[in-house]
Amino acid sequence: MTAASPPEVLRAPLVVEFPFTRSLGPVQSAFLTGLRERVVLGVRTSDGKVMVPPVEYDPVTAEEIRDLVEVAATGTVTTWAWNGAPRPHQPLGTPFAWVLVKLDGADTAILHALDAPGPEAVRTGMRVRVRWAAERTGAITDIACFEPRADEAGHHTPAPHDGVFADAVTGIVAEARLDYTYSPGRAQTAYINALSEQKTVGERCPSCRKVYVPPRGACPTCGVATTERVEVGPSGTVTTYCIVNIKARGLDIEVPYVYAHIALDGAGLALHGRIGGIPYDQVRMGLRVEPVWTAGSRHPDHYRPTGEPDADYDAYKELI
């Protein structure tokens, strides 16, 4: 007799991204526009130090600062780390070093990439210079990278700059993105597989008896493992909700619509879902709802009213 194979634990790629649109103040606008024009600007603080990249408020006095100065496009590596396996969208597609470079005339260092043949070619104290991108738009990527420079550090006096450029950059879009390989674990794998059968399954804590949906594999209150699977729902009760008035990119739902916390019958805590089949201004606490599944879906598309009388507040007040 052989033991049964354990169920396969799911794994899938997961991308978390958010394009953040930011307006620029006069200091950051001048800095990024300057890069477009192959000019590196810093800002002088109250104690006379030159900070590159520039900041808008003095780190000592917290007062607003506008005293812009131009520094050199050459500098010295203060510290570094080798990146032997570049990721997508990093400055270089071949192995390179991340370096902190104190540009001539600056008192602080800027982080960027150094194009070098290998880690043996990089050292603290080495001299480098900016390699400008062929096409520049007013972004930190206008510095394509740094490259080695065979010279000795010389004295450079920062030159005052008014920060005025034609067609100044006034805003940027920062593409924040994280790529994961996500594994939900044993408990949530069972939960996801049950959803493919249009069932909702949680796990009961053997100590406090609360049923967790989605299951977590352990009770966060009692600190013990949960293994007893419990099917809950399919109907539930709206405990709290919010009206969404901002349309999300890539989500084909007209606003306004409602997202709610829904306590499925038999569950010890609420999960969230969209409410449909009812005008948004008629959604309320205590509303009884049921899931609506679409063909091939691995989760309910939305929840709609069941037509039952509203649940009494005392029946769900502990699940809010």
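Residues numbered from 1 in each chain as written. Predicted model: local features only at pLDDT ≥ 70, side-chain atom pairs only at ≥ 80, totals over all residues. Heavy atoms only, no water.

**Student:** Please clarify how the sheet that holds strand 10 (residues 159–160) should be interpreted in this entry.
**Tutor:** Adjacent strands of a sheet form backbone hydrogen bonds with each other and so pair up, either parallel or antiparallel. Pairing is antiparallel in the open sheet, where four strands are placed in the order 3-2-4-10. Each of the sheet's edge strands pairs with one partner strand only, and the pair in question is strand 3 (50–51) and strand 10. Here four bridges tie strand 2 (residues 40–44) to strand 4 (residues 68–71), and the two strands are oriented antiparallel to one another. Across the sheet, the residue bridging to Val40 is Val71, located in strand 4. (Pairing = 2+ DSSP bridges. Helix = DSSP H or I, 4+ residues; strand = E, 2+ residues; numbered from the N terminus.)

**Student:** Looking at this structure, I do not really get the environment of Pro88. What am I missing?
**Tutor:** Summarising the element assignment, Pro88 is placed in the loop between strand 5 (74–83) and strand 6 (96–103). Placed 91 residues apart in sequence, Pro88 and Asp179 show a C-alpha to C-alpha distance of 10.0 Å.

**Student:** So what exactly am I meant to see when it comes to the sheet that holds strand 12 (residues 200–204) here?
**Tutor:** Within the open sheet, the three strands sit side by side as 13-12-14. Their pairing is antiparallel. Of all the strands in the sheet, the pair left with one neighbour each is strand 13 (211–212) and strand 14 (228–232). The pairing of strand 12 with strand 14 spans five bridges and is antiparallel. The residue bridging Gly202 from the neighbouring strand is Val230, located in strand 14. Together, strand 12 and strand 14 form the strand contacts of helix 2 (residues 185–195), whose direction differs from that of strand 12 by roughly 150°. (Contact = heavy atoms within 4.5 Å. Axes fitted to C-alpha atoms, helices over the stretch in contact; angles between N-to-C directions.)

**Student:** Looking at this model, I keep getting lost on unusual backbone geometry. Mind explaining?
**Tutor:** Note: most peptide bonds trans; most residues except glycine with negative phi. Along the chain, Gly233 connects to Pro234 via a cis peptide bond; the corresponding omega equals 5°. With respect to the helices, strands and loops of the structure, Pro234 is situated in the loop between strand 14 and strand 15 (236–244). Non-glycine residue Ala62 carries a positive phi angle of around 65°. With respect to the helices, strands and loops of the structure, Ala62 is situated in the loop between strand 3 and strand 4. A positive phi angle, close to 70°, is found at Arg209, a residue other than glycine.

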